[in-house]
Amino acid sequence: MEVSYFFSVLAKRKWLLFSLMLIAALTTAFLVGLLPKKFKSNEVISSGITDFKGVRVGEQNAFVQEFEIVNKFSNLVEYMKSRQVINAVTQKLMLHDFSKDTSNKIKPFRKVDWVKAKMPQNELDGYFQHLGTVLSPENTDLRLLNTAHTIEKIVGYDYETLRDKIDIKRIDKSDYLTVEFTSENPELTYFVTKTYVDEFLKFYKSKKDTSENKSVVFYNNLTDTKKKYLDSLNEARYNYAKSHGVVALVEQSQAIVSQIKELESVRNEEVKKFESYTSSAKKYEELQSPYAEYAEKDYKKNIFSNEQLISIRQQMKVLSDKWVNTGMKDDRIKKQIEDLRTKQDEILTSKSINDRGDQDPVVQKNNEIMLRKADAQASRDGSQNTLATLNRRIGDLEGKKTKLINDNAEFGKLTQQIDIAQKEYEAAFDKKNQADVIEQSGNEESPIKIIEPAVFPEKAEPNKRALISAFSGVGAGTLGVVLLFGLAYFDRSLSSRFQYSKYIDLPLLGAINKIEPPKNNSKNNSFDAFFHNDSNKHDVEYFKESLRKIRLDIESSGAQSFLFVSLKKAEGKSFLISALAYALSLKNKKVLIIDTNFKNNTLSGLSTRAFVETETDGYLPQKMNQATSLNFKFDLPKVDIIGNRGSINSPSELLSGVDFDKKVSQFKKQYDYIFLEAACLSHYSDARELASVVDKVIPIFDATTQFTKDDKHQVNYLSGLNGKILGSVLNKMDIKNLD
């Protein structure tokens, strides 16, 4: 929605808005004047939350965060509004107004006609008999409490009413709270404010003393319990360490893990050697296969069955096991292993040299390969033995580590429980000391105290009538603007050119304002009253000028035949056709009107009565000739009408056998312009059948109707007429929406 359109709506309704604002302001001023006077009294107290100089235990941070302060003030306010405090005020008010003690003649703040209140006398007697104790915490008589609540609510002294009227607020960001009470009676206001603060201070002190005493007892018991539990855990850990021989678990675990890592590193290196020796032995085995025939010679036997070599291998195995078991730290054993390996190599080498008397090259080659294979196999066997020893040692250490882990887990579990118990005991002991300090300082000054006592209110509070009335007027005006905006936003009528363009994408020839059809008893058509009357009425002049603009567009179009259509019934087609025919006749143009609206043949009656937009029933025959008779009846010069008798059939059915296109072409030679009217598009197909007969189509839209989804389908049809639409006419417009 365009802003300019909305402002135009506001401009047209400005007096309505001003009237609404004025009525709202005057009504509010009158109602505010009827309200009773209000008296306010307040009392200022310190909270001790941010500015207490006494003993305060348990707060380590000197700079309390702002949100903590706000939270504490909120908690204090709710604490002050507790039911027990307000009930004490209620009890004092009821004793003040309704006590039967005649020794003190006190004027009550409020009087109640119990007869009008329809309270049973027996309930009143029971309540006033227990007036001093009915609201005490010890009273559990539900029936009496229910009666008390009803009576107090009638007087206005009940808990809910007083809680709502007592206002407690923090003064800016200070340590002070202000307690305010407002009522229609200044004595009542002062009494409630003062009594409420006094009762709260008594309630606060009693709760504080009780809480401190309970804290001391509680933390003494808690400290004893925690100490006993801590001692039992220490004893359990001692007994476990003694029975399992657990000493320096951490150091033992670290030493074993270190040995395992070192052995695993050596094992990894030994695995690489073993794989290398195995590969070499396999390679020499493959190289020896061509010399299989020499395999049984004494050379092979001497090498592999040599007792000296067998002894050396056994010694190396024993020393290797001993070296691994001692943690691979004994350099003496390591040197012995290296010496034996050197001796083994020398024996193999010497046998190779001594046995080379055989000069056969093949035998020598075989001996050389067997020597190398024997060396690789000896190294492989030694490495395999070393790996077996390493694996056994690592397995033993892993077993020891697992046992230590289990012992350590149980021992650590007990140690962890002792640590937790120790912290709990220390915390309980600290709380016990704090409770003792608080109890000992109980006689010191309370953090909550009166700073500024209540003052008797001498003047009533200003009712702010002018300000409230102004706000009421502005609120009413704002509401009116919002309502107008809503109505304008959701308005689906075609009441303005803007609304038309929002829903319809057809060109607009012009807009005709709504006027009352003039009544003229003269022989000629009553349009004479419009065009030849010197009336200065704005709506009449606007109507004539709008009609002249449309007439000019028709003349400029170059077309002769025009079909006037509408979406719905009674949208002003007949009226507009007659008006345009009259306007063209004033320029000496000959106009033929063919009433092809067989469902509502208003134009057919113009020759016998003055023009009024009168609906006729298409189902009833009229006293006129049928359209096919081409009967001319119209008293206005230059304008002829071909009427019809009305029918429920479509034009193509009624005019079957008649070349209607040819008839229209013949009429074009006799007339300057030919106007046809069709039945409404939403109900009938007449317009669709007649559109091909004419040069141009002129849709008529009623500005007072709502545009619907079905209308959109009809507009889409009109948009698809391939240039036949000359333009639309917006009929029955409000003159205010045209200016």
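Residues numbered from 1 in each chain as written. Predicted model: local features only at pLDDT ≥ 70, side-chain atom pairs only at ≥ 80, totals over all residues. Heavy atoms only, no water.

A. Summary view of the overall build of the protein. Counting its regular elements, the protein contains 22 helices and 11 strands. Relative to its full complement of 739 residues, the protein shows a buried share of 40%. If you take every contact in the protein between residues at least 6 apart in sequence, the share linking residues at least 24 apart comes to 81%. Accessible surface for the protein amounts to roughly 42,200 Å². Of this, 53% is attributable to carbon and sulfur atoms. (Helix = DSSP H or I, 4+ residues; strand = E, 2+ residues; numbered from the N terminus. Buried < 20%, exposed > 50% of the residue type's maximum accessible area, 1.4 Å probe, protein only. Contact = heavy atoms within 4.5 Å. Areas by Shrake-Rupley, 256 points an atom, 1.4 Å probe, with all protein chains shown as cover.)

B. Looking closely at unusual backbone geometry. Positive phi values are uncommon outside glycine, yet aspartate 172 reaches one of about 50°. With respect to the secondary-structure elements, aspartate 172 resides in the loop between β2 (166–170) and β3 (176–183). Although it is not a glycine, asparagine 588 adopts a positive phi angle of roughly 65°. As for its placement among the helices and strands, asparagine 588 is situated in the loop between α18 (573–585) and β7 (591–595).

C. Representation of the sheet that holds strand β5 (residues 508–513) in the model. The strand order β5-β11-β10-β6-β9-β7-β8 describes an open sheet built from seven strands, whose pairing is parallel. The open sheet has two edge strands with one neighbour each: β5 and β8 (639–642). Within the sheet, the average angular offset between the axes of one strand and its neighbour, ignoring direction, is 20°. Bridge count between strand β6 (residues 561–566) and strand β9 (residues 673–677): four bridges; the pairing is parallel. Counterpart to leucine 563 in the pairing with β9 is leucine 676. The sheet strands contacting helix α17 (residues 538–557) are β5, β6, β9, β10 (696–702) and β11 (728–733), and the helix crosses β5 at an angle near 155°. Where α18 meets the sheet, it contacts β5, β6, β7, β8, β9, β10 and β11, and its direction lies at approximately 170° from that of β9. (Pairing = 2+ DSSP bridges. Axes fitted to C-alpha atoms, helices over the stretch in contact; angles between N-to-C directions.)

D. Quick peek at a nonpolar patch on the surface. Together, Phe30, Leu31 and Leu34 make up a nonpolar patch on the protein surface, roughly 340 Å² of accessible area in all. In this fold, phenylalanine 30 is placed in helix α2 (residues 14–34). (Patch = residues over 30% accessible without salt bridge, like charges linked within 9 Å, V, L, I, M, F, W, Y side chains within 5 Å. Salt bridge = Lys/Arg side-chain N within 4 Å of Asp/Glu carboxyl O.)

E. Looking closely at the pairing of strand β1 (residues 39–46). The element β1 is largely enclosed, with a buried count of six among its eight residues. Here β1 runs beside strand β4 (residues 449–452); their pairing, made up of three bridges, is antiparallel. Residue pairing in the sheet places serine 46 in a bridge with lysine 449 of β4.

F. Broad picture of the pairing of β3. Counting buried positions along β3 gives six out of eight residues, so the element sits mostly inside the fold. One ladder, built from five bridges, connects β2 with β3; its direction is antiparallel. Bridge assignment links isoleucine 168 to a residue of β3, and that residue is valine 179. A loop of five residues connects β2 with β3, the two strands running antiparallel in sequence, and aspartate 172 in this loop sits at a positive phi of about 50°.

G. Fine view of the environment of phenylalanine 128. Structurally, phenylalanine 128 can be placed in helix α5 (residues 121–129). By relative accessible area, which is 16% here, phenylalanine 128 ends up buried.

H. How the structure looks around the pattern of salt bridges. Enumeration over the complete set of coordinates arrives at 15 salt bridges. For aspartate 702, the salt bridge goes to lysine 732, with nearest N and O atoms at 3.4 Å. Residue aspartate 702 is located in strand β10, and its partner lysine 732 is located in strand β11; the two are separated by 30 residues in the primary sequence. With relative accessibility at 5%, the residue aspartate 702 sits in the buried group. Accessibility expressed as a relative area gives 24% for lysine 732, which makes it partly exposed. Taken together, the salt bridges that share partners define one network made up of Lys92, Glu199 and Lys202.

I. Representation of the environment of arginine 548 within the structure. Turning to its location among the elements, arginine 548 is positioned in helix α17. Along the backbone, arginine 548 and leucine 584 are 36 residues apart, and their C-alpha atoms lie at a distance of 8.9 Å. A distance of 2.6 Å separates polar atoms of two side chains, one belonging to arginine 548 and the other to glutamate 545. (Polar contact = N/O pair within 3.5 Å; in protein donor to acceptor, adjacent residues only side chain to side chain.)

J. Just the side chain of aspartate 595, in detail. Structurally, the position occupied by aspartate 595 is in strand β7. Judged by relative accessible area, which is 0%, aspartate 595 ranks as buried. In this view, aspartate 595 contacts Asn601, Thr602, Leu603, Ser604, Ile642, Gly643, Asn644 and Glu677; residues no more than four positions away in its chain are not counted.

K. Just α5, in detail. Every buried residue of α5 is accounted for by Leu124, Tyr127 and Phe128. Viewed end-on, α5 has its buried residues packed into an arc of 90°, placing them on one side of the element. Across α5 from its buried face, at more than 90 degrees, point the exposed residues Asn122 and Gln129. In this fold, the buried residues of α5 make contact with α4 (83–98) and α6 (142–155). (Arc of directions from axis to C-beta.)

L. Spatial organisation of the packing of α2 against helix α14 (residues 465–489). Here α2 crosses α14 at 145°, and the two axes come no closer than 8 Å. Between α2 and α14 the crossing geometry is right-handed. Of the residues in α14, those in contact with Leu17, Leu20, Met21, Ala24, Ala25, Thr28, Ala29, Val32 and Gly33 of α2 are Arg465, Ile468, Ser469, Ser472, Gly473, Val474, Ala476, Gly477, Gly480, Val481 and Leu484. (Left-handed = near helix turned anticlockwise from the far one by under 90°.)

M. A look at the sheet that holds β1. If you walk across this open sheet you meet the four strands as β2-β3-β1-β4, and the pairing is antiparallel. The open sheet has two edge strands, β2 and β4, and neither has a second partner. Geometrically, the sheet is characterised by an average inter-axis angle of 30° between neighbouring strands, direction not taken into account.

N. Main features of the packing of aromatic side chains. All told, the structure shown has 14 aromatic pairs when counted by the stated rule. Here tryptophan 15 and phenylalanine 18 contribute two aromatic rings whose centre-to-centre distance is 5.8 Å and whose plane-to-plane angle is 75°, an arrangement assigned as edge-to-face. Of this pair, tryptophan 15 and phenylalanine 18 both sit in helix α2, three residues apart, which is roughly one turn of that helix. With 5.5 Å between their ring centres and 25° between their planes, tyrosine 503 and phenylalanine 707 make a pair best called stacked. Taken as a pair, tyrosine 503 in helix α15 (residues 497–503) and phenylalanine 707 in the loop between β10 and α22 (709–719) lie far apart in primary sequence, 204 residues in all. The class of tyrosine 503 is buried, set by a relative accessible area of 13%. (Phe/Tyr/Trp six-rings, centres within 6.5 Å; stacked < 30°, edge-to-face > 60°.)

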